[in-house]
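Residues per chain are reported as follows:
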Amino acid sequence: MEFGSRRTTLCVAMVRDGTIDDKEVAILEGVAAWMDENKESVFDTRPWKVYGEGPSVEEKNPMKEQGFNEGNVKFTSKDIRYAQKTKALYASLLGVPTEEVCVKLLGESNLNKKIKSINILGSEEKLNWRQNTESLFV
């Protein structure tokens, strides 16, 4: 698959005659659609000072830096991972939110500054948000 100027290899299971079944095609199309909207938060980014927050970090997998030990954790929209590029910070939710999202690490006391703007990649929707000393609420 090719995303802009980047080439990414995905392994896909094939049936015996060399074709790809419909389920695999649907997965590839889903990955391609997600990458098309979110590639800005993936390519040419760097780790932020904290890799993430949420139940999978705090309760099931206490850890202070990124790693490959998240195992078979069921992620929710309360699980957030961070990346940065220049002056942008990307907070990726690992599930679809159904209620207000509370981002603890983006409170004024953690950032030592106020957030200027927030948007969702691939969307023109205007978000309602507020930041206090403890958290960011979107």
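Residues numbered from 1 in each chain as written. Predicted model: local features only at pLDDT ≥ 70, side-chain atom pairs only at ≥ 80, totals over all residues. Heavy atoms only, no water.

1. With respect to the sheet that holds strand β8 (residues 136–137)
Quick note on the threshold: We call two strands paired when DSSP finds no fewer than two bridges between them. Starting at the N terminus, helices and strands are each numbered in turn, a helix being any DSSP run of H or I of at least four residues and a strand any DSSP run of E of at least two.
Overall, antiparallel pairing links the 3 strands, which are arranged β6-β8-β7 in an open sheet. The sheet terminates laterally at β6 (102–103) and β7 (130–131), the two strands that pair on one side only. As defined by bridge partners, β6 adjoins β8 across 2 bridges and the pair is classed as antiparallel. In the sheet register, Cys-102 faces β8, and the bridge partner there is Phe-137.

2. Focus: the side chain of Thr-45
As a reminder, the rule being used: Between N or O atoms, a polar contact is any pair within 3.5 Å; within protein, one atom must be a potential hydrogen donor and the other a potential acceptor, and residues adjacent in sequence are included only when both atoms are from side chains. Residues are treated as being in contact if the distance between any of their heavy atoms lies within 4.5 Å.
Structurally, the position occupied by Thr-45 is in the loop between α1 (22–38) and β3 (52–53). A polar atom in the side chain of Thr-45 sits 2.9 Å from the backbone oxygen of Val-42. Setting aside chain neighbours within four positions, we find Thr-45 in contact with Glu-40, Ala-83, Gln-84, Lys-85 and Tyr-90.

3. Concerning the sheet that holds strand β4 (residues 80–85)
One open sheet holds the 3 strands; their spatial order is β3-β4-β5, and the pairing between them is antiparallel. Edge positions in the sheet fall to β3 and β5 (88–93), since each of these pairs with one other strand and no more. Across 2 bridges, β3 lies against β4 in antiparallel orientation. In the sheet register, Glu-53 faces β4, and the bridge partner there is Ile-80.

4. So, the nonpolar core
Nonpolar side chains tend to gather and get buried jointly when the protein is soluble and globular. Our working rule: By convention a nonpolar core is built from buried Ala, Val, Leu, Ile, Met, Phe, Trp, Tyr and Cys residues, the set being connected through side-chain atoms within 4.5 Å. Using a 1.4 Å probe on the protein chains alone, a residue whose accessible area is under 20% of its type maximum counts as buried, one over 50% counts as exposed, and one in between counts as partly exposed.
Of all hydrophobic cores here, the largest spans 9 residues; its members are Trp-48, Ile-80, Tyr-82, Val-101, Val-103, Leu-106, Leu-111, Ile-115 and Leu-136. Residues in contact with Val-103, not counting those within four places in the same chain, are Glu-53, Ile-80, Tyr-82, Ser-135 and Leu-136.

5. Topic: the pairing of β4
Note that β4 and β5 share 6 bridges and pair antiparallel. Bridging across to β5, Gln-84 finds its partner in Leu-89.

6. As for the side chain of Gln-131
Along the chain, the position of Gln-131 falls in strand β7. By relative accessible area, which is 15% here, Gln-131 ends up buried. Polar side-chain contacts of Gln-131 include one of 2.9 Å to the backbone oxygen of Leu-106. Polar side-chain contacts of Gln-131 include one of 3.4 Å to the backbone oxygen of Lys-113.

7. Concerning α1
Our working rule: What a helix is expected to span follows from its residue count: subtract one and scale by 1.5 Å. For this quantity, the arc is that covered by the directions from the helix axis to the C-beta atoms.
For α1, built from 17 residues, the straight-helix expectation of 24 Å at 1.5 Å per residue is met to within 8% by its first-to-last C-alpha distance of 24 Å. What α1 keeps buried is the set Glu-24, Leu-28, Met-35 and Asn-38. Mapping the buried residues of α1 onto a view down its axis gives an arc of 110 degrees, with all of them on the same face. Exposed positions of α1 whose direction lies more than 90 degrees from the buried face are Asp-22, Lys-23, Glu-29 and Asp-36. The N-capping residue of α1, defined by a side-chain oxygen 3.1 Å from the backbone nitrogen of Lys-23, is Asp-21.

8. A short note on the packing of aromatic side chains
Just so we agree on the cut-off: For Phe, Tyr and Trp, where Trp contributes only its six-membered ring, two rings pair if their centres lie within 6.5 Å, and the inter-plane angle classes them as stacked under 30 degrees, edge-to-face over 60, or tilted in between.
On inspection of all chains with the given rule, the structure shows 1 aromatic pair. Ring geometry for Trp-48 versus Tyr-82: centroids 4.9 Å apart, planes at 50 degrees, classification tilted. Remark: Tyr-82 occurs in strand β4 and Trp-48 occurs in the loop between α1 and β3; sequence separation between them is 34 residues. According to the relative accessible area criterion, Tyr-82 is buried, its value standing at 7%.

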